[in-house]
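Chain and residue survey
Each chain, letter by letter, is given below.
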Amino acid sequence: MLSFTSKINKIRTFALALVFAGIVIMYIGLFFRVNQFVMSAFMILGFLAIIASTIIYFWIGMLSSKTIQVTCPECNKPTKMLGRVDACMHCNEPLTLDKSLEGKEFDQAYNKKRP
Ligand SMILES: [Zn+2]
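Residues numbered from 1 in each chain as written. Predicted model: local features only at pLDDT ≥ 70, side-chain atom pairs only at ≥ 80, totals over all residues.

Using the following cut-off: UniProt positions are given in the numbering used here, feature names are shortened, and annotations may be inferred rather than shown by experiment.
Looking at an unreviewed UniProt entry, the protein chain carries the name UPF0295 protein FLK61_28230, with the source organism given as Paenalkalicoccus suaedae. Entered under Sequence similarities (unreviewed entry) in the UniProt record, the comment concerning the protein chain runs "Belongs to the UPF0295 family." Of the protein chain, the UniProt comment under Subcellular location (unreviewed entry) reads exactly: "Cell membrane".

Describing the overall build of the protein chain
Spelled out, the test is: We count a stretch as a helix when DSSP gives it H or I for four or more residues in a row; a strand needs E for two or more, and each element gets its number in order from the N terminus. As a rule, residues whose C-beta atom has 12 or fewer other C-beta atoms within 10 Å are exposed, those with 20 or more are buried, and those in between are partly exposed; C-beta atoms are placed from the backbone. Residue pairs are scored as contacts if the distance between their C-beta atoms, which are placed from the backbone, is within 7 Å.
Across its full length, the protein chain holds two helices and four strands. Going residue by residue from the N terminus, the α and β elements of the protein chain occur as α-α-β-β-β-β. Looking at the protein chain as a whole, 14% of its 115 residues qualify as buried. Look at the contacts in the protein chain between residues 6 or more apart in sequence, and 46% of them connect residues 24 or more apart.

Details of the UniProt feature "transmembrane region" (unreviewed entry) in the protein chain
With numbering aligned to this structure, UniProt lists the feature "transmembrane region" (unreviewed entry) at residues 12-32 and 38-60. As annotated, residues 12-32 has a helix share of 86% and a strand share of 0%, and its two end C-alpha atoms lie 31 Å apart. Helix makes up 100% of residues 38-60 and strand 0%, with an end-to-end C-alpha separation of 33 Å.

A word on the packing of helix 1 (residues 7-29) against helix 2 (residues 36-64)
Put simply, the rule reads: The axes used here are C-alpha line fits, helices contributing only the stretch in contact, and every angle between their N-to-C directions lies in the interval 0 to 180 degrees. Orientation categories follow fixed angle ranges, with anything under 35 degrees roughly parallel, anything over 145 roughly antiparallel, 65 to 115 roughly perpendicular, and all other angles oblique. Rotating anticlockwise by less than a right angle from the far helix to the near helix defines a left-handed crossing, while the corresponding clockwise rotation defines a right-handed one. Polar here means any residue other than Ala, Val, Leu, Ile, Met, Phe, Trp, Tyr, Cys and Pro, which are nonpolar, and Asp, Glu, Lys and Arg, which are charged; Gly is therefore polar.
Interhelical geometry of helix 1 versus helix 2 gives an angle of 165° and a closest axis separation of 8 Å. In terms of orientation, helix 1 and helix 2 fall into the roughly antiparallel class. The two elements helix 1 and helix 2 meet at a crossing, and its hand is left-handed. Its residues placed into classes, the contact of helix 1 with helix 2 shows 23 nonpolar, five polar and one charged.

Description of the environment of Ala15
The residue Ala15 is located in helix 1 in this model. Linking Ala15 and Ser53, residues 38 residues apart in sequence, is a C-alpha distance of 4.7 Å. What Ala15 contacts, discounting residues up to four positions off in sequence, is Ser53, Ile56, Tyr57 and Ile60.

Given below as structure tokens:
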């Protein structure tokens, strides 16, 4: 059960990774100072990665307003749920809003199926 993390946390981690990737790409570009074209390409690529992460952060903000706040039965902390099944943001306990899925094995595919 350790591999499940809250969707919002997952997206947040991805956005953060993208910022670092952008910085690393721009830094690598500095090694190609002799070639103006290659350096510019790296700089633009790094810049795009940072822009993309900004967009993702903005998107998380919008998603957060659509989430349902629930209290986790495992750690009793309030957590945000996205979709029909999600994991607790604090303890990664699988949570579901659908009574018919309760007690079943956690599966991301449940979010895609229409009731
Ligand atoms: Zn919890």
